[in-house]
Structures are given as C-alpha cells and as structure tokens.
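# Reading the structure
One letter stands for each residue in the lines below.
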Amino acid sequence: MQNLKITFELDEPIILNRYSTIDSILLDAYFKRLRKQGKIAEFVKTQDYLTEISKFIKVENNTISGSVWYVPEYTKAVPTNLQIHKVTQPERIIKYNRLFGSDTTPSKVENSGTGEFKAFKFGIESLVLSSIYFYIAGDKDVIIDLLNDVNYLGKKISYGKGYIKSKIIEPIPDDKSFLLNETTPAKPLSCQDWNVKTHKVMFYSQYPPYWSKDKVACYMPSASLKEHTDNTYANGQYSSMPDAEFISPTKFAYGLLSHKLKVRDDMEYNDTGTCAMCGDKESKGIKGNTETIIKKTLGKGDNFNDFPYILKGTGFICKHCIWSVSGNSVKDGGKTIKDASPFDNLCDFILNKDGYEYIQSKKADKEKWTQEYKAEFFGSLNKQKLPFVIALKDTSNNQHVLFKSAVSISNALIPIQVGNRSMIIDDEILQEAIKESGELIKEYSKKLLTNFSKDEPINFTSDERLMDFYAKYDQDIRTLLNFIIFNKEVKDVKRKPKKVR
Ligand SMILES: [Zn+2]
C-alpha cells in the first residue's frame, strides 16, 4: 500500500458534492465492473465487501481510505450557470410508473402541469476549475487500472460536465487520506471508530454511497475547498454530540410536537419496516403502495404530487413521516387551526427542546423579516442548543420537506433544509466568508454570491479576488451568504420570529 495524491486536470466545469470522496469514485468503477461480469447483484452494501476492498485500498478502523476533494493552492475558480430544461415526457413517465406497479393514463399526463408532469427550467451552479486533487492509500497499480474507467467527475456528465483531461498519480510521504491533522478529518469518519478533536459532527453515511440511508454520527472534514485546518475545539464556542444515535428528523419533530399537532387517528400503524421517506428502521407505520398511503394521508387529492413521484411502488412509511405531511384539524390554545400539518405550520423554523421558533412564515407575525434579523440569526448559529432542526422555504411557494432534512448534532456543522435541497453549513468557514465578503461586497455587490433562487441567472465574474473567494468557499456557504445579505424573496415579507412553546 502506498500513500498517493491523485490530481484530475479538468476540461469542463464541475458539479461535485463537497463531501465526495475518491474511494466512492473508485468503488463505483469497481462495482460496475463486478456487475458487468455478473458477479454481484444490482444493489450491494459497500460494507459487506470490506475484505475484498482492503486488498487494494487501505482499510483502517473499519473505514475505507480516500479523502474529499481539494482545490490546489493557487488555482482560481469561476462558477457558471448550467441551465437545465426539464421537459414532460409522457411515455417515460407511464413506463416508469408501470415498472413500479402504478398506472398513469396518457390523458392524465397531458392534462396535468404539476408534480412529475411539470416542465421547467432551472440553473445549477458548476465550477470552472483547472484541477482538483484527492488523497488515498492503496495499491497504486490497481488504482491506476480502476481510474481507466473514470472519465468524468460529479453530476450532469450527460451534459459533458466534469470531463477529465488528464490524471496525475503521485506517491507522497504521509497518509492524508483519513486525517489532515488531529483536528481535521479528510473524510467523514464514524465517531464510534475514531477520536478526532473537532466539533464538526453530523449524521452521515460511513460507507459510500453518501446518499445511503445508513447514517451514523461522523466527524466531518472542513467545508473549505482548499486544504484548511479546523479549530472548533480551540475556538471554544462550539459543541457537538458524537455519541448520538441516529434519529430521523420526523421522529425528532414528532417527539417534540405531537402533543400539539396530533397524528391522524383514523389510520392504523401496525406494521414495521424501513421508512421510504426518512430511512428510520424501527418505527411503526403502514406497509403498502407508498403513493396510496401518502394520497390517503393528505386527503387533498393531488396537492402534493411531488411525494408520489419520490415514493414509487410498495414499501413502508413510518408514523412520524405520515404525521409530518398529514393535514388535520387541531386545537392550538382553544383556537382550531384547519388543515394544520407540521408541514404547513413549521414552514421556516428552528426546532429544538425549547419548542419551535418561526424564522419567517405566513403564520408568524406582521413585523418585518429584516436583513438585520437574518444576519443576527445566521451569524450566531454556534449558539443553537443541540440537537435542533432548521428548515427554510426557497421561494414563496415552495415548502421545505421535513423528512428530507437532518437533525443537527453540532452547532459547528449545520444541515439546513432549503425547499427540496439540503445545505450543510460549516460555521467556522461561514464566519470567515462573512468577514472576507464584507469588504468584497462593497465593490462587487451581487456578483459575489450564488443566487438563492433556482431559476434566476447567476451573475458571476472572473475577477482575480473573486476567483480566490469562489475557490475557497463552497456553494452552500455562498448561497447562504446571498440569503443573509440579498435575498429578494423575503425582503417584502412582513414577518417576525415568534416563539411557540
Ligand atoms: Zn419515516
């Protein structure tokens, strides 16, 4: 086994999750080969192949070697706006639905302009970078061989994004594939197997793929795109819960709020299984066609078309997730709120043991949701009491989706649900970015930041100082900065934070 640095020279803009690791890229190629040879089934669990994998990639403390990606020190970056046009393809939808056991008639597709049938246009940020690099420890020859199958990195490769021009594999003296130093992980490391002096702790998958629903508390790498040393212990302002057992966001919310917003009592929750929405393995719920369960739960016809689109076929949905989307009439201080569901009521909120607080909401107060309040709120995320959940809308119509969000077990690294999208905010890096951007904003105004709204074009520029800024701060940090400083959507909204206990 050798300690290696792998550099990819890029020819095309790239869209890559901050926490993507080189082992997940190599193992994707490895499992594709095995599948092609008919040696494994369609879906396998990476952790079941640790012995095999350890023959060519180092495995230490039950963890596969392979760092997240970094931008080389003097590399500049320019974000671009990739416009995606989603068109309605009736035949594909019908075929897909049938595959999962539900029937959709052609007339239904043609007459509907919502949910899965909606055609739309949106922009995705991709970064123009000349190169990125990773660290890994393993068998150089096997790794080079697997890399032959890797020609693109990241998302939207069908648009040609992430095309790799060349690969450089060089031996280095130290192993930097697990830890950069004692306070900074180079990849997500399970808190059970490692001991790292950092408060950047989050529920994350210990093994690729990262979207797996098997999540545990992990020590997380810095969100900075350049190699960066974390100091959350020395900083003294942060706390974390490395011993926390996974809890789904809907179960967490249910535990805190079910006395106020009751679960529907006209349904029976006698089954157990793995929830198709939140991934929880132990809760009670309902087995069956997930689309039917949700439609019945909502009792609102096709109002929430987006859910059936996500939840195809037969499966299981837990009581907590049903609760989180169900419409119901409940009493709140003697007053009956019609159709009050946590989903509606908790729009734009922070939730913890003390109750929930609206950040902005139709149901919150009439005073102005000010730039000052936003700056204050996001400027002091480190003061939030653990554990907690934050969810925001991204446009005036779109709601957040509670079951897709995550419970925060650290106030140094904070998952925030924004509409359908999950952002991860590294507070240490955010504070640095706020400091650095203050000065730049005077000069460049909106050109500095990623736009919050999905369908607006992004006005980027290739100025020297800005390129340094883009190369250092990840998209989630820049998006939140834009929300704190410029967001138009909420500028005119007359709302005020309100405490509900
Ligand atoms: Zn669930």
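Criteria and thresholds
Residues numbered from 1 in each chain as written. Predicted model: local features only at pLDDT ≥ 70, side-chain atom pairs only at ≥ 80, totals over all residues. Helix = DSSP H or I, 4+ residues; strand = E, 2+ residues; numbered from the N terminus. Buried ≥ 20, exposed ≤ 12 C-beta atoms within 10 Å, placed from the backbone. Contact = placed C-beta atoms within 7 Å. Pairing = 2+ DSSP bridges. pLDDT = per-residue confidence, 0-100. Axes fitted to C-alpha atoms, helices over the stretch in contact; angles between N-to-C directions. Core = buried A, V, L, I, M, F, W, Y, C linked by C-beta atoms within 7 Å.

A few words now on the overall build of the protein chain. Across its full length, the protein chain carries 15 helices and 23 strands. Within the protein chain, the proportion of its 501 residues that are buried is 40%. Expressed as a percentage of contacts within the protein chain between residues at least 6 apart in sequence, the contacts between residues at least 24 apart total 74%.

Taken together, the eight bridges between strand β1 (residues 2-10) and strand β6 (residues 131-138) define a ladder with antiparallel strand orientation. Its bridge partner lying in β6, Glu 9 is registered against Ser 131. Bridging between β1 and strand β7 (residues 164-171) involves seven bridges; their strand directions are antiparallel. Directly across from Thr 7, in β7, lies its bridge partner Ile 168.

Time to look at the confidence of the model for the protein chain. The predicted model of the protein chain averages 79 in pLDDT, with 71% of residues at 70 or higher. This stretch, residues 451-457, has a pLDDT under 50; its non-local contacts, to residues over four places away or in other chains, come to 19 contacts. Between residues 488-501, whose pLDDT stays under 50, and residues either more than four places distant or in other chains, the model counts 34 contacts.

The antiparallel open sheet is built from three strands, whose spatial order is β6-β1-β7. Only two strands of the sheet have a single partner each, and these edge strands are β6 and β7. Going from strand to strand, the sheet's axes swing by 20 degrees on average, the running direction of each strand aside. Each of β1, β6 and β7 touches helix α5 (residues 140-147); the most contacted strand, β7, lies at about 175 degrees to it.

The strand order across the open sheet formed by three strands is β10-β12-β11, and the pairing between neighbours is antiparallel. With partners counted over all chains shown, the strands left at the sheet margins are β10 (189-190) and β11 (201-205), one partner each.

Okay, unusual backbone geometry next. Here the residue pair Pro 208 and Pro 209 is connected by a cis peptide bond, since its omega of 0 degrees sits within 30 degrees of zero. Locating Pro 209 in the fold gives a position in the loop between β11 and β12 (215-219). Residue Leu 386 is joined to Pro 387 through a cis peptide bond whose omega torsion reads -15 degrees. For Pro 387, the position within the fold is in the loop between α12 (371-379) and β20 (389-392). You will see that Asn 61, though not glycine, has its phi angle at about 45 degrees, which is positive. Owing to 11 C-beta atoms within 10 Å, Asn 61 belongs among the exposed residues under this scheme. Despite not being glycine, Asn 62 has its phi angle at roughly 60 degrees, a positive value. The residue Asn 62 is located in the loop between β2 (59-60) and β3 (63-64) in this model.

Turning to its location among the elements, Thr 232 is positioned in helix α6 (residues 232-235). For the pair Thr 232 and Lys 200, spaced 32 residues apart in the sequence, the C-alpha separation amounts to 7.4 Å. Beyond its immediate stretch of four places on either side in the chain, Thr 232 contacts Thr 198, His 199, Lys 200, Tyr 238, Ala 412 and Glu 428.

Ile 136, Val 201, Cys 218, Ile 317, Cys 321 and Ile 477 are the most contacted members of the largest nonpolar core, which totals 101 residues. If we skip the residues at most four places from it in the chain, Ile 317 touches Cys 275, Ala 276, Met 277, Gly 285, Ile 286, Thr 290, Ile 293 and Ile 322.

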